[in-house]
Amino acid sequence: MVRGEVVKIPVTIFNYHNRELNTMVTMNNSNGEYDFVDEATMKQLSTIENSQRINVPANSGKTLKFSIKPKKLGPIKIQINATNNLFKDAILQDLLVEPKGKIERQNKDLFISLNKEQQIYRTSIDVEIPQNIVPDTEFIQLSVGSDILYTALDNLDNLVQLPAGCAEQNMMNFAPNVLVLDHLRTMRKSSEKRELDERATRHIEIGYQQELTYRHVNGAYSVFGPKARTEENTWLTAYIIRFFIKAQRYVGIESSIINEGLEFLKSKQLPTGEFQYTDYLFHPAHQDRYGFTAFVLLPFLESSLSRRKYKAVIDKGVEFLVDNINNIDDNYALSLTALALQMSKNDYSNELLTKLQEKSLSENAYAVMAFLESNSVDNINIMKWILEQRSKVGGFKTSQDTVVALQALIKFNEKYTSSDETLLKVSYEALDDKGLKVIDGFLGIDPSNTQIWQQIELPIATRLLQLKVEGQGNAIVQLAYHYYMH
């Protein structure tokens, strides 16, 4: 319900007795969270309780209504008492009151890494809330942790969705389920998150069977499948087969399904090593011939088995990319090529990484994955950008962005798990728009709580948050806030 609007609260009294009962029904507003409203005049009543008397027929029920107008946001208590000469009963329930207008969410993430050389970090974050918002709708929260995947982990239910829709939509829900299981296994949390683990596994099994309905007899896939007489899609087939290989660790995906998909992709490789694309491409960034070839190489590079079996295909594709390194201008294609060359252990991969650094292209999840395949660059610094793109629930702008970014985050987490020597003190001071302090305090991170997401609700007057981080280790600091606009 919306604050300021009058709503009728229905109350049904059931009588299981064999005679009619005259019953007094009272709604209690002792907390003053709403006003009672006279239904005839629509005027507010200055009382903390409202009573109505009704006759409830034998073995039946009767409904009456109380009109109220909420005064506060959030959950309000609805307390109802019913009394007659034989029985008495009561019920207490919460009713959620929301403001008018449209919610606007803001999220600011910081990744901080301190060591013996740098043991203090200071910064400040603005809380940018407009003047013309719906009054009292601000919510500001500071969160601190050490696990870079915790915001995603804390909201994995939002990522674990049952696959549905066309072939591409099905895969956009299939893939995060696989990545969630990757993370749970890497962090050894499968037992702790058993229900989530089982649900993700079940979703993968269902998604796999659904995806097979879009499979053509030659092992390829199309958006609407062979029944719709759509052309096989090379990009989609590469994407599906790559995640089928990843998912094979968790569910029974037939090797023949994977092999036939790889054989189809192999058939689309030209003598030059370039891959042809068939059907249409979903994203403009995939239309670059070099980036597309690099993308199609990824499923061949996904497992040691496919790398051995399709070595000639990989070598030919890599040779095409290497021969054309100087012709690759598209940033997205450059990142995909760097990843493919890193996964194939090609000597030219370091040259591309240098090119990416010169172009400041680490601001791309595929580029981050390419850097993570190498030990020659400072992965901690290039990871900061991708962490700062997350929404409050740990996701990214689009489903595709979320899938790629989660892959990068999981890979980073495998290489840089929280150290047993992590010891950090995060001091905070919140100021209002006049620069006056409204609250201060600190949160600590040590080996016992590196995977705990500590959260503090800040006063709604906060407009500037000053931070001081001291010690050694990695920390994620997130300032998330929202408000409603008229």
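Preceding block: the structure.
A quick note: this is a predicted structure, and the numbers were derived from the prediction, not measured. (Residues numbered from 1 in each chain as written. Predicted model: local features only at pLDDT ≥ 70, side-chain atom pairs only at ≥ 80, totals over all residues. Heavy atoms only, no water.)

Right, let's talk about the packing of aromatic side chains for a bit. For the structure shown, the criterion picks out 12 aromatic pairs. Seen in terms of ring centroids, phenylalanine 14 and tyrosine 16 are 6.3 Å apart; in terms of plane orientation they differ by 15 degrees. Their pairing is stacked. For tyrosine 16, a relative accessible area of 71% translates into the label exposed. Taking 6.2 Å as the distance between ring centres and 85 degrees as the angle between the ring planes, the aromatic pair formed by tyrosine 221 and phenylalanine 244 counts as edge-to-face. Of this pair, tyrosine 221 sits in the loop between helix 4 (194–212) and helix 5 (234–247) while phenylalanine 244 sits in helix 5, and the two are 23 residues apart along the sequence. Across the pair, phenylalanine 244 and tyrosine 221 agree in class, each one buried. (Phe/Tyr/Trp six-rings, centres within 6.5 Å; stacked < 30°, edge-to-face > 60°. Buried < 20%, exposed > 50% of the residue type's maximum accessible area, 1.4 Å probe, protein only. Helix = DSSP H or I, 4+ residues; strand = E, 2+ residues; numbered from the N terminus.)

Right, let's talk about the pattern of salt bridges for a bit. With the rule as written, the count across this model stands at 15 salt bridges. Of the charged contacts, one joins glutamate 128 and lysine 108 as a salt bridge, the two residues approaching to 3.2 Å between their closest N and O atoms. With glutamate 128 in the loop between strand 10 (120–126) and strand 11 (139–145) and lysine 108 in strand 9 (residues 102–114), this residue pair connects regions lying 20 residues apart in the sequence. A salt bridge links lysine 246 to glutamate 302; the shortest N-O distance between them is 3.1 Å. With lysine 246 in helix 5 and glutamate 302 in the loop between helix 7 (289–301) and helix 8 (304–309), the pair connects residues that are 56 residues apart, well separated along the chain. Here lysine 246 and glutamate 302 have matching classes, each one buried. When salt bridges with common partners are traced through the structure, they connect Arg242, Lys246 and Glu302 into a single cluster. (Salt bridge = Lys/Arg side-chain N within 4 Å of Asp/Glu carboxyl O.)

Look at helix 6 (residues 255–267) against helix 7: their axes get within 11 Å of each other, and the N-to-C directions meet at 145 degrees. Handedness of the crossing formed by helix 6 with helix 7: left-handed. For the pair helix 6 and helix 7, contact is made by Leu262, Leu265 and Lys266 and by Val296, Pro299 and Phe300, respectively. Residues that form the contact of helix 6 with helix 7 fall into these classes: five nonpolar, no polar and one charged. (Axes fitted to C-alpha atoms, helices over the stretch in contact; angles between N-to-C directions. Left-handed = near helix turned anticlockwise from the far one by under 90°. Contact = heavy atoms within 4.5 Å. Nonpolar A, V, L, I, M, F, W, Y, C, P; charged D, E, K, R; others polar.)

Turning our eyes to something else, we now look at the nonpolar core. Of all hydrophobic cores here, the largest spans 78 residues; its most connected members are Phe174, Tyr239, Phe243, Phe244, Phe300 and Tyr366. Once residues lying within four places of it in the same chain are set aside, the contact partners of phenylalanine 300 are Leu262, Leu265, Lys266, Phe275, Ser306, Arg307, Tyr310, Val313 and Ile314. Among the nonpolar cores identified, the runner-up in size contains 26 residues, and Ile112, Val127, Val144 and Leu443 belong to it. (Core = buried A, V, L, I, M, F, W, Y, C linked by side-chain atoms within 4.5 Å.)

Any functional reading would require information that these geometric values do not contain.
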